[in-house]
Amino acid sequence: MALPFIAESAASAIIENLVSTCSSYLEACPATCGMQDELERLQHALPQVQAVLTAVVGGAPVMVQNKALETWLWQLRDAVENAEDVLDELEYYELQKTIQDRDDKVRGILSNCKRKFDSFVNRIFSDDTLKRLREAVKGLDRVIAGMGPLLHLVTGLYGPRVKCQKLEEIKNARETSSLLTESEVLGRDEERDLIVEWLIEPGDADVNVSTFTIVGMGGIGKTTLAQLVYRNERVQEYFDPIVWVCISQEFNVTVITKKILECVSREHFGDNSLHALHENLKQKLTSKRFLLILDDVWNDDKMMAWEKLVAPLKFGQRGSKILLTTRMRSVADMAAKVMKCKQESLNLNKLEESDYMLLFNKHAFLGVNPDDYKNLQLIGEQIAKKLGGCPVAIKVMGGMLNSCMDYEYWKKILEKDNVKLQQGNDDIMKVLRLSYDHLSTNLQLCFRYCSLFPQDHMFKRKKLVNMWIGSGLIPQSICGRERPEDIGKEYLNLLTRKSFFTCKTHDNRVEITKKYFMHDLLHDLARSVSLGECIKIGGDVAENIIPKTVRHLSVEMLNLLSIREISNLKNVHTLVISVKEDNRHNADHALEFIEVIKGFRKLRLLILDVNFHSYKLPNALSSLIHLRYLSLSLQKVVNESIEYDALTNLVNLRSLDVSDDVIENIPYISKLPFIHILKNFIVQEKSGYKIGELKNLRDLRHLCIRKLENVKSSEEAIEANLNEKKYLKSLGLRWSEGHSNSAEADEQLLDNLCPHINLKKMRIQQYQGAKSPCWMTNLSLVNLTTIELIDCKRWEHLPPLWQFSSLQHLFLQGLHAIKQIDWSFFGSNNGCAFPSLKKLLLWDMPNLEEWIGIDDRCMFPQLQSMSISDCPNLRGIPTLHYGLRDLHIYNVGLTALPTINQDYANNNQEHFQALENLIIRHCKKIEYVPSELFGKFKAIKTLHIENCPKLTKRRISDIELPSVLGHLTTWSFGDLEVPLLWSADLTSLIWLELLDCARIASLPPAQVCARWTMLSRLDIKNCKELSSFGGIQALVSLRSLDIEGCDKLIEVALLLQPPFPNDVGQKKNTVLDCFLKNGRLSIDHHALLLMEPLRSLSSVCSLTLSDASRLASLPEEWLLQNHAALERFCIWNARSLQSLPRSMTKLCSLVILGVEDANLIQSLPDLPTSLRCLVINSCHPVLKERCQENIGLDWPKIANIRFVRIT
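Naming follows an unreviewed UniProt entry, where the protein appears as Disease resistance protein RGA2-like of Ananas comosus. Reading the Sequence similarities (unreviewed entry) entry of the UniProt record for the protein gives the comment "Belongs to the disease resistance NB-LRR family."

Put into structure tokens, the structure is as follows:
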């Protein structure tokens, strides 16, 4: 229902603006008539409109369906938005004129005459615009004229008495107690134990009463978990008293205090004052270690009410606790704030699959034997998965299914759209709807908008916020002095804190990125409450009924002509279209598609993902003057002479996401003053493309300027006004590779491209100057977090980078003239070098010889990741900090790894080594590693040492690899190869690579391999001296074995000619049964199958013979041993293979068969019926002929295979 679909504040602002604009026009042109009476009526009726909308929004929690009210609200919304369009059009023409006047003045065209208001009227109020202005006023007047009867209706539906009655009904329905309503609670033991352990801990010494909050979406099981905790024996013994109070939505301090007091004293209190209740409760709780459970808390903003509530609670004995349940993390923040304690909480997630299936089966098969309904079990699993692990949804759905144990009924439920499914189960939606009703109108609008995205969509903050703004959900009228982006971010934070989104953070050691997810049931809620406003359609558009009220539409179309099905929707503000079909050759269809798009005149946001060549599309959109957000994914246009000048008519654009070939061909881009991102501005010498076009783009957030060699003077560079762009966050300055400008010219140009002090990220590329720009040497850019200097081959002396206090990411690449990095001196006597740096990369610096650090001073205290590559002459690296997690060294002239033992905070203590990933490759001079590498570094998970042939055990008395090591690669590892393999218990090792290990003659014995209990992948390549598998059969978790280029192993195998055992199936070797069970085996010589333990394998699911050049016939006996498990069989370089054996048909599980270079095979045997994919390449011409469709002799053998390619 559409009751909350229009915000009172937004509607009022638009109506007031309309009246003001029209009044200004009437003052300037008093002779014009036709609007005066309507304007007076609008001004008079505005308070009544506000009253109706406020009453409707306030009555949302007790909403009653009423068709007349819904119809009127949609009419009002249409009229308000029509008025908004006209006002936006007026602002558009005014802005366009301002830009034109500015450009004319720059060109010396505009005379210096005084602007008058009447000239404004003449050029802005064209006859067409004036007509629409009148229509907007009259339309609003007509709608508001019919408002009278609705005032009484709204009072009846949402009046105080009715509202109180409905709220009381909701409150009674949601009242809870400490008694469990379930005989058994599934899947919450771990969470219960965690909370119990926290409760019985003493807590902080300086806090008597601390709080813990269970946070989660509606129906996820918060109350049930709290009841489990309440009934726990350890909790019952530890606390006295234990109090349970259900709060719900009305946060009445007196009522809640009275409930607590009655629980504690077991007495009834009448109409006592809050003061009396407080004194009584304080007396009861003093020196008592109590536990107070506040269930279903919603108040996250009334701090004074909270402070009143907790005032007597603070007198409890140390160790007293308050446990809350809520849907909003903001409640957890509020409770901790008022209690002045640490915020501790548990985000309650969905049930695991095993638990939610137990719960589903318990309710769906209640009173019956599930084994009697095996036909329903699989379909039941599919239905349960759709419910997203939500206990309430599972219980309700299970109960509904239990009422009709019929396959067709269950199948119908499975095939139903989730929203329709939920609408038939009010209990689920009612629970979730409460959270939605608790949101402000603006937050509701932003939440509904998310129904345009598919389920399980990963939201990125910037894109979502920009789409909200672009679609008009955050209008400037509500922003005041704040930027819409800041308000949008706050909206997203609020929705996350109120559990509508789940935020997952990813730390890549440079910055923390956030991704947002929405639970499936909340996505269903968004779709449910946005019906008629926001719609997402996939597949055949014609099969869907789209209401004409829709404002925000996302469509996946089968082809371009499907656009016809939505061409009649004239109120659409947001349009997202994806066309699956390749339409590059349908020129007529493309033209029709473009014409329909041009008809959506109200659009604020347009996203098109279409696969056709059309240089006409960008210019065709120039009439969509309300656009704020435009994203086009098209086929690249090869014709570089095309200019998209008409795009500059879209002067309101904030976000423009188009390909580089479009951006670089937009002349006079300065006409888009609100544009935020310009990633590929290419400077040209011709008019419209000079760097001065950037001058008035003051709202830029991200800018990359290319071909800077085309800037011909310092005056031109200064004209870009980079130092005045205070919102600019990232800046790229790039010259063309091999440009002919002198070093002096580049240096002078770069000096004049000084950015604003607020800049955070900067990249300089292909700069050919030798000196640093003055604005980097004077340290004016104090907010820089990222500096990237790339392919600046003549840059000789680095600026004082160590003094950029905010710098977190430093990337130096291709600085060929740098011979020395000297960070041994820096200006501040008390500070430290690179105090904030987290990631450092030095790549392709062939002349770098010396890196001077600091022996007794703080350096890189926050460094987490370092990568040094292609610095073949670099002899040493300064001592590094203990906090380093990733160290990558590739082709560096070191003779030893750097020492990692600095900890400036605790110089005299044993420190935890944080290093997790150590990768050393192609360092041919390196002779030894620090002794602590095999002793103190307990956190290494990935260790790769490749092509370091001089490495020795020198200075290493004992080799002990960390037990958490998960990935080990050794490649030409000197005399450390063998000791590493025989070292400590690698109980966490998952992947082991042995590459070019010349000193390894045998794999470790079984007693060593048995300790590698997690090893699932083993790659052995080019280990020329390897002649024994050792105890490899003890690798019980191995699922992938790849052997290649091990010549001695093959020699040993060729000497063996034992028969394959006939009793493999009868042998019961437990260890061997686990080895490569359902695993993948890849070998480069078939003789290896004669060696144990490969010879006795019987459950391999994938076999690859990577070099079958000497194989005349397949190893039939081995294949038959594995016939029940083998699903994939590939033979590469099969030039000697003459035929496939007749026994192929016995490989009853085979799904994929691939043969490469099979030039001798002339016919096929009968193949297994399980085969789904057959690929034979470079085969004999006779075989091609025999496999011709319908006529070839072998065609019947392959006709039923789903995919066949024989070439």
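Back to the text.
Colleague: It is not clear to me how the environment of Val-215 should be interpreted in this structure. Could you clarify?
Modeller: Inspection of the secondary structure assignment puts Val-215 in strand E1 (residues 209-215). Here Val-215 falls in the buried class, since its relative accessible area comes to 2%. Along the primary structure Val-215 and Leu-348 are separated by 133 residues, whereas in three dimensions their C-alpha atoms are 5.9 Å apart. Excluding its chain neighbours within four sequence positions, the residues that come into contact with Val-215 are Lys-222, Thr-326, Arg-327, Met-328, Arg-329, Ser-345, Leu-346, Asn-347, Leu-348 and Ser-499.

Colleague: Before we go on, may I ask you to explain helix H16 (residues 374-386) in this structure?
Modeller: Think of an α-helix as turning once every 3.6 residues; residues three or four places apart then point the same way. Approximately 25 degrees is the largest bend angle found in H16, and it occurs at Gly-380. Residues of H16 that are buried include every one of Leu-376, Ile-379, Gly-380, Ile-383 and Ala-384, and no others. The elements touched by buried residues of H16 are helix H15 (353-364), helix H17 (391-402) and helix H18 (407-415). Immediately downstream of H16, the backbone of Gly-388 shows phi near 65 degrees, a positive value.

Colleague: Just to check I follow, could you spell out the sheet that holds strand E5 (residues 345-347) for this structure?
Modeller: Sheet strands pair by backbone hydrogen bonding; their relative direction is either parallel or antiparallel. Read across the sheet, five strands follow the order E2-E3-E4-E1-E5 without closing on themselves; strand pairing throughout is parallel. The open sheet has two free edges, formed respectively by strand E2 (242-248) and E5, since each of these has just one partner strand. The sheet shows a mean angle of 15 degrees between the axes of neighbouring strands, taken without regard to direction. Bridge analysis of strand E3 (residues 291-297) against strand E4 (residues 320-326) gives five bridges, and the strand direction is parallel. Each bridged residue has a counterpart across the sheet, and for Leu-292 the counterpart in E4 is Ile-322. Against the sheet, helix H8 (residues 189-199) engages E1, E3, E4 and E5, with an angle of about 170 degrees to E1. Against the sheet, helix H14 (residues 329-339) contacts E1, E3, E4 and E5, and its axis sits at roughly 180 degrees relative to E1.

Colleague: What should I look at first to understand the pairing of E2 in this one?
Modeller: Along any regular strand, the residues point their side chains to alternate faces of the sheet. Summarising burial for E2: seven of the seven residues are buried, a large majority. Burial along E2 is two-sided: Ile-242, Trp-244, Cys-246 and Ser-248 facing one way and Val-243, Val-245 and Ile-247 facing the other are all buried. Pairing of E2 with E3, which is carried by six bridges, proceeds in the parallel orientation. Directly across from Cys-246, in E3, lies its bridge partner Asp-295.

Colleague: Sorry, what's going on with the environment of Ile-1201 here?
Modeller: Looking at the element boundaries, Ile-1201 is found in the loop between helix H37 (1195-1198) and strand E39 (1203-1206). Take Ile-1201: its relative accessible area is 11%, and that puts it in the buried class. Measuring from C-alpha to C-alpha, the distance between Ile-1201 and Leu-1171 comes to 6.2 Å, with 30 residues separating the pair along the chain. Setting aside chain neighbours within four positions, we find Ile-1201 in contact with Leu-1167, Leu-1171, Arg-1172, Cys-1173 and Leu-1174.

Conventions we followed
Residues numbered from 1 in each chain as written. Predicted model: local features only at pLDDT ≥ 70, side-chain atom pairs only at ≥ 80, totals over all residues. Heavy atoms only, no water. UniProt positions renumbered as here; feature names shortened; annotations may be inferred. Helix = DSSP H or I, 4+ residues; strand = E, 2+ residues; numbered from the N terminus. Buried < 20%, exposed > 50% of the residue type's maximum accessible area, 1.4 Å probe, protein only. Contact = heavy atoms within 4.5 Å. Bend = angle between axes of the 7 residues up to and from the residue. Pairing = 2+ DSSP bridges. Axes fitted to C-alpha atoms, helices over the stretch in contact; angles between N-to-C directions.

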